[in-house]
Amino acid sequence: VQLVESGGGLVQPGESLTLSCVGSGFTRYYYAIGWFRQAPGKEREGVACTQNNDGGIFYADSVKGRFTISRDSTTNTVYLQMNNLKPEDTAVYYCVADPDPPAQIMCVTAKAPSWGQGTQVTVSS
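Residues numbered from 1 in each chain as written. Predicted model: local features only at pLDDT ≥ 70, side-chain atom pairs only at ≥ 80, totals over all residues. Heavy atoms only, no water.

1. What about the overall build of the chain?
Next up, step 1: Looking only at helices and strands, one finds one helix and 11 strands in the chain.
Next up, step 2: Along its sequence from the N terminus, the chain presents helices and strands in the succession β-β-β-β-β-β-β-β-β-α-β-β.
Next up, step 3: Its C-alpha atoms give the chain a radius of gyration of 13 Å, within 12% of the compact-globule value 14 Å for 125 residues.
Next up, step 4: For the chain, the C-alpha atoms occupy an extent of roughly 45 × 25 × 25 Å along the three principal directions.
Next up, step 5: When the 125 residues of the chain are sorted by exposure, 42% land in the buried category.
Next up, step 6: A fraction of 59% describes how many contacts in the chain between residues 6 or more apart in sequence connect residues 24 or more apart.
Next up, step 7: Accessible surface computed for the chain: about 6300 Å², of which carbon and sulfur atoms make up 49%. (Helix = DSSP H or I, 4+ residues; strand = E, 2+ residues; numbered from the N terminus. Rg over C-alpha atoms; globule rule 2.2 N^0.38 Å. Buried < 20%, exposed > 50% of the residue type's maximum accessible area, 1.4 Å probe, protein only. Contact = heavy atoms within 4.5 Å. Areas by Shrake-Rupley, 256 points an atom, 1.4 Å probe, with all protein chains shown as cover.)

2. Things to note about the packing of aromatic side chains
Next up, step 1: What the rule picks out here adds up to three aromatic pairs.
Next up, step 2: With 5.4 Å between their ring centres and 75° between their planes, Phe36 and Trp115 make a pair best called edge-to-face. In this pair, Phe36 sits in strand β4 (residues 32-38) while Trp115 sits in strand β10 (residues 114-115), placing the two residues 79 residues apart along the sequence.
Next up, step 3: Look at Trp115 and you get partly exposed, because its relative accessible area is 30%.
Next up, step 4: When the ring of Tyr94 is compared with that of Trp115, the centres are 5.3 Å apart and the planes differ by 70°; the resulting orientation is edge-to-face. (Phe/Tyr/Trp six-rings, centres within 6.5 Å; stacked < 30°, edge-to-face > 60°.)

3. Digging into the state of the cysteines
Here is the idea: a disulfide is a covalent bond, and it sits between the sulfur atoms of two cysteines.
Next up, step 1: Evaluated as defined, the whole model comprises two disulfides.
Next up, step 2: The partner cysteine of Cys21 in its disulfide is Cys95, sulfur to sulfur 2.1 Å. The S-S bond linking Cys21 to Cys95 shows a torsion near -80°; that makes this disulfide left-handed. You can see Cys21 sitting in strand β3 (residues 17-24) and its partner Cys95 sitting in strand β9 (residues 91-98), a full 74 residues away along the chain. (Disulfide = S-S within 2.5 Å.)

4. A look at unusual backbone geometry
Next up, step 1: Positive phi is not limited to glycine here, since Asn84 has a value of about 50°.
Next up, step 2: Relative to the helices and strands, Asn84 resides in the loop between β8 (77-82) and β9.
Next up, step 3: Relative accessible area serves as the criterion here: at 41%, Asn84 is assigned to the partly exposed category.
Next up, step 4: In this structure, Ala110 takes a positive phi of about 55° despite not being glycine.

Here's what the structure looks like:
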């Protein structure tokens, strides 16, 4: 499985940003896909994850109400819409995938067999 992220950058607090991830090489129809983040000195965190068998979605408490994960199955693309960004959202964001849903387990454990290269998101005034 190959995952390629795009869309990171530098924004001010309160602004929005959308990350995209294009996946390829999936060998199973059902899979979990989502976003992890890693900030310096902090533990890796499963931010938002979804699965395409029943559309189940999981969000970390830290992003609920601000971030939205969505996917386009026709293009194998998953998006992370991030609104009202805060300095504590600063991190490298990774697109991840697992051929064995549920997505909630992937996000809660912050473990996945397939990773993208990561994209930096910096929130600073």
